[in-house]
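Examining the three-dimensional arrangement
One-letter residues, chain by chain:
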Amino acid sequence: MGQYKRVLSACAGLLLSTTLLSAPQAALAEDDPVPVAAYGLDEGTGTVVADASGHGNTGTAIGITWAGGKYGKAISPIHTSSRVAVQDAPSLRLTSAMTVEAWVNPTSSQSQRWMITKGGAYGLTAATSATSATASVSTPTASQVTLPPLPFPRLPIQTWSHLAATYDGQALRLYLNGAMVAEKPVQGLIAITTNVFAISPAGGLIDEVRVYDTALSAAQINADMTTSVTGAPLNGPPTAPSALVATPGYGKAALSWQASTDDDGVVDYQVHRSKEADFTPTSSTLVTTVTTTSYADVLASAGTYYYRVRAQDTSRQLGPASDQVSAQVPAPDSPPTAPTELKVSGRSGWTFLEWQGGSDDKGIVSTEIHRSTNTGFTPSDATLIRVHPRKDIPQYLDTVPTAGTYYYQVLHVDTVGQRGTPVEAAATVGAAPDLSQTLVAAYGMNEGSGMTVRDSSGLGNTGTVMSGSTWAAGKFGTSMEFTGILGEIFAGPSTSLRLNRSMTMSAWVNPARMDTTQGLLDWTAAQNGHWFELDASTSGYPFPYARAMGTRDGVSEIVGTEATTALPVGVWSHLTVVFDGGTLILYVNGELAGPIGKRTFDLSSTSGTFWIRTGGSSDSYLGKIDEVRAYNSALTPAQIKADMGIPIS
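These figures come from a predicted structure and were not determined experimentally.

1. Regarding the overall build of the protein
In terms of helices and strands, the protein carries 3 helices and 48 strands. The 649 residues of the protein split such that 52% are buried. Within the protein, contacts between residues separated by at least 24 positions form 69% of all contacts whose residues are at least 6 apart in sequence. Here the protein has roughly 25,700 Å² of accessible surface; of this, 52% comes from carbon and sulfur atoms.

2. With respect to the confidence of the model for the protein
When pLDDT drops low, the exact placement of atoms in the prediction is not to be read closely. Here the protein averages 86 in pLDDT, and 88% of its residues register 70 or above. Below a pLDDT of 50 lies the segment residues 1–30, which in the model reaches 203 contacts outside its immediate sequence neighbourhood of four places, other chains included. A low-confidence stretch, residues 139–145 stays under pLDDT 50, and its non-local contacts, those more than four residues away or across chains, total 13 contacts.

3. Digging into the nonpolar core
The nonpolar side chains of soluble globular proteins are, as a tendency, buried together. Counting 44 residues, the largest nonpolar core has Leu521, Trp523, Phe532, Phe610 and Ile625 as its most contacted members. Ranked by size, the runner-up nonpolar core spans 37 residues in total, among them Ala37, Leu41, Tyr122 and Tyr167.

4. Examining helix α3 (residues 637–644)
Along α3, the residues that are buried comprise Pro637, Gln639, Ile640, Asp643 and Met644. Viewed along the axis of α3, the buried residues span an arc of 160°, placing them on a single side of the element.

5. Quick word on the side chain of Asp643
Within the secondary structure, Asp643 sits in helix α3. Relative accessible area serves as the criterion here: at 7%, Asp643 is assigned to the buried category. A polar atom in the side chain of Asp643 sits 2.7 Å from the side chain of Tyr631. The residues touching Asp643, leaving out its near neighbours within four places in the chain, are Leu435, Arg629, Tyr631 and Leu635.

6. Brief notes about the pairing of strand β17 (residues 204–212)
For β17, a buried count of 9 out of 9 residues is recorded, marking the element as mostly surrounded by other parts of the structure. Bridging between strand β8 (residues 98–106) and β17 involves 7 bridges; their strand directions are antiparallel. Residue pairing across strands places Pro106 opposite Gly204, the latter belonging to β17.

7. Quick word on the sheet that holds strand β37 (residues 489–494)
With antiparallel pairing, 8 strands are arranged side by side in an open sheet as β33-β34-β37-β47-β39-β40-β41-β42. The outermost strands of the open sheet, each flanked by one partner alone, are β33 (452–453) and β42 (555–562). Sheet topology places β37 next to strand β47 (residues 608–612); 4 bridges connect them, and they run antiparallel. Directly across from Ser494, in β47, lies its bridge partner Gly608.

8. A few points about the pattern of salt bridges
A complete count under the given rule lists 19 salt bridges for this structure. A salt bridge links Asp268 to Arg316; its shortest N-O distance comes to 3.1 Å. Within this pair, whereas Asp268 is found in strand β20 (residues 266–274), its partner Arg316 is found in the loop between β23 (303–313) and β24 (325–329), the two being separated by 48 residues in sequence. Glu591 serves as the salt-bridge partner of Lys641, at 2.9 Å between the closest nitrogen and oxygen.

9. Overview of the side chain of Thr561
Checked against the element boundaries, Thr561 lands in strand β42. The buried category is assigned to Thr561, whose relative accessible area is 2%. A polar contact is formed between the side chain of Thr561 and the backbone oxygen of Pro595, at a distance of 2.3 Å.

10. A closer look at the packing of aromatic side chains
Each aromatic ring pair is characterised by the separation of its centres together with the angle its planes make. Applying the stated criterion to the full structure yields 6 aromatic pairs. Between Tyr443 and Phe610, the aromatic rings sit 6.4 Å apart at their centres with planes inclined by 25°, giving stacked as the arrangement. Of this pair, Tyr443 sits in strand β32 (residues 439–443) while Phe610 sits in strand β47, placing them 167 residues apart in sequence. For the pair Tyr443 and Phe610, one class covers both residues: buried. Ring plane angle 35° and centroid distance 5.2 Å describe the contact between Phe490 and Trp611, whose orientation is recorded as tilted. Of this pair, Phe490 sits in strand β37 while Trp611 sits in strand β47, placing them 121 residues apart in sequence. By the ring-pair criterion, three or more aromatic residues cluster together here, those being Tyr443, Trp523 and Phe610. Its guanidinium or amino end placed over the ring of Trp103, Lys70 lies 4.5 Å from that ring's centre, counting from NZ or CZ. Taking the ring centre of Trp508 as reference, the NZ or CZ of Lys475 above it sits at 4.4 Å.

Criteria and thresholds
Residues numbered from 1 in each chain as written. Predicted model: local features only at pLDDT ≥ 70, side-chain atom pairs only at ≥ 80, totals over all residues. Heavy atoms only, no water. Helix = DSSP H or I, 4+ residues; strand = E, 2+ residues; numbered from the N terminus. Buried < 20%, exposed > 50% of the residue type's maximum accessible area, 1.4 Å probe, protein only. Contact = heavy atoms within 4.5 Å. Areas by Shrake-Rupley, 256 points an atom, 1.4 Å probe, with all protein chains shown as cover. pLDDT = per-residue confidence, 0-100. Core = buried A, V, L, I, M, F, W, Y, C linked by side-chain atoms within 4.5 Å. Arc of directions from axis to C-beta. Polar contact = N/O pair within 3.5 Å; in protein donor to acceptor, adjacent residues only side chain to side chain. Pairing = 2+ DSSP bridges. Salt bridge = Lys/Arg side-chain N within 4 Å of Asp/Glu carboxyl O. Phe/Tyr/Trp six-rings, centres within 6.5 Å; stacked < 30°, edge-to-face > 60°. Lys NZ or Arg CZ within 6 Å of the ring centre and 35° of its normal.

This is how it looks when you write it as structure tokens:
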């Protein structure tokens, strides 16, 4: 019963190609006509389209997808050349009479058409580009005879309509939804061709295609309309969305609802709004169509607004509307002002952002950070990389996909969800460091006994274990545990451990206390007094702490940073400190842990010594340490997170 897919409002046109040979009256079988080809199009997958007529005219689907049909499934186009192709067969070479039928469902109002045709012989065409229908035949004396243009009702969008074309050797007729709408006297036999029979759904959905070698009556066409080719049931519309809620806000209403159900699946929801109660959803009340079960409706003025939602299934059938809800919406509030300053610094594989300023009379709750490779871009879900809580330090570290120039926009969001004006800045980013080339020391602590720990970097910076250290279960494998004043591990001095302009140290730690200074890692120059250190805590400040000391213009410079929260006792935590020549960054469990220290100076040296747990005092670290790494490069945030989950072998 279905027919070619069609897009939008449409005019249907009938195309029938014939060659005039003789003019006998075709015999009409009123009792029980049998199709020569019949396609229910219910496969739902694959490329084989079955012929239910029994004549074996199997089709091949080309560029086709399936959706909910008038009955069961229907075919839908992927591109304008989508079709079901059926090879020529004697049963498809009609001579004195024919009927072609289909259900069609336009998906849009753009100019498209459906065609069910055997080239040069017969066919049915529906188009959305005009408001007339035509039928034509070829004769020995004329290339074709065409029905004159006539008014033809537009096919409704996203609604199933039935089209049929018949020829009985005396007249060509066109039917819409079972009623004849056009007729033209035509005589002659239908041309015999060996061309492919094709079903082309360029205009939308098509279903229930039948071809007969006789001209059906209006009664027979109406009977076909109520019967599916394969016995598939009539598809009903989706159920109404339930539990619709409208939550008012300043200048908006937040809608949410429970999903509808449908045999073939719901594809989207229509959101309708009115200022009148008990309204009926129409095209004039339609606000938008969404694929989710929520929507934020931004409003220009205060007032009471009424809402209803309708579901639409894969065959574009609209279900009943939801119950009506209302929202009393206050007048729109002023959105937050833009940040007064945004600075973005490019590093090797990452960027450092910091901003300040911006206000809102209701309060700012978060800051959105957006990234793009294009300047002047519009912030959207696709460009959003972080929602930064207001309580956090206004700094962010971003790992970028590749080297290049990146544009960032930062905007504030207030307590009622209004987004402020963004401010933009850009930075050029170099390639991320190659960790295989910059790892200078790596200690997995998996020996379990002895007085040395192996360096897995390949540079031979073996660690020497001082007395007072013991082996224990680790984060991965075994770890080194320090339980008293004595005990430490050191490697070097060596040139491969020389301090660099960019450096990273990291370790898994499991502290037994957090009440005093506890030195963890210390990377020290052999000749110029430069150093780079990481402590689990400091005296009077039981939070992780990092420092670096170098020189600038011959003057010693120190930069430090500390975490804002203490490490849990008896629990494994991952600590990382990064220095890139101008910023000192402390991470706990892969996340920025405190304010970024900023000071530019030279930290390099010709050789160095690496210490794990500086011992010999009552302030020494007590607890376990595992998976210690040192790099002469500044790792990206993503590389730090990756290291956390990779054991040192």
